[in-house]
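Notes for the structure review
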Amino acid sequence: MAKTFAHRRNEIINQSLSIDDIKARWPALFEASQIQDEFHRITMVHLESKFMSKLDEYTPRLLNLFHSKGGTMGLKLQAVLIQRYLQTVNTSEEDRGH
């Protein structure tokens, strides 16, 4: 994919290809590993590590925001957080062999 970067970029930008056309022409661009590689080629930033570090940075504030929400949205967020917590607990127990 690195060898065809300039050609792909030219096609995508100058020909205003639709998502379906891009997917048909360059299917690898829709795979997680290739998205990360392409992002790195364009920005010189490692996408996954940057995303995870920013997620770690913002998680406490996001959780505070989620906990402060009321009404229907608050209930939906609470259900998601509880489900995620239970998944984490179950995974931890499985890892310890319980």
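What comes next is a walk through the structure. Since the structure is predicted, the reported quantities are computational estimates derived from the model, not experimental observations.

Turning our attention to the overall build of the chain. On a plain count of helices and strands, the chain comes out with 5 helices and 0 strands. Listing every helix and strand of the chain by position from the N terminus yields α-α-α-α-α. Here the C-alpha atoms of the chain give a radius of gyration of 20 Å, more than 25% beyond the 13 Å that 2.2 N^0.38 yields for 98 residues. Along the longest, intermediate and shortest principal axes, the C-alpha atoms of the chain span 50 × 40 × 25 Å. Within the chain, counting contacts between residues at least 6 apart in sequence, those at least 24 apart form 25% of the total. As presented, the chain carries roughly 8100 Å² of accessible surface, and 58% of it is formed by carbon and sulfur atoms. On the chain, the mean spot of the 13 positive side-chain charges and the mean spot of the 12 negative ones are 6 Å from each other.

Let us look at unusual backbone geometry. Positive phi is not limited to glycine here, since serine 16 has a value of about 45°. Looking at the element boundaries, serine 16 is found in the loop between α1 (5-14) and α2 (19-25). Exposure remark for serine 16: the relative accessible area of 61% places this residue in the exposed category. Even without being a glycine, methionine 44 presents a positive backbone phi close to 65°.

Attention now goes to the packing of aromatic side chains. Scanning all chains against the criterion turns up 0 aromatic pairs. Between arginine 8 and the ring centre of tryptophan 26, over which it is positioned, the NZ or CZ distance is 5.7 Å. Directly above the ring of phenylalanine 30 sits lysine 23, whose terminal nitrogen or CZ lies 5.5 Å from the centroid.

Quick notes on the rules
- Residues numbered from 1 in each chain as written.
- Predicted model: local features only at pLDDT ≥ 70, side-chain atom pairs only at ≥ 80, totals over all residues.
- Heavy atoms only, no water.
- Helix = DSSP H or I, 4+ residues; strand = E, 2+ residues; numbered from the N terminus.
- Rg over C-alpha atoms; globule rule 2.2 N^0.38 Å.
- Contact = heavy atoms within 4.5 Å.
- Areas by Shrake-Rupley, 256 points an atom, 1.4 Å probe, with all protein chains shown as cover.
- Lys, Arg positive; Asp, Glu negative; His and termini not counted.
- Charge placed at Lys NZ, Arg CZ, Asp CG, Glu CD.
- Buried < 20%, exposed > 50% of the residue type's maximum accessible area, 1.4 Å probe, protein only.
- Phe/Tyr/Trp six-rings, centres within 6.5 Å; stacked < 30°, edge-to-face > 60°.
- Lys NZ or Arg CZ within 6 Å of the ring centre and 35° of its normal.

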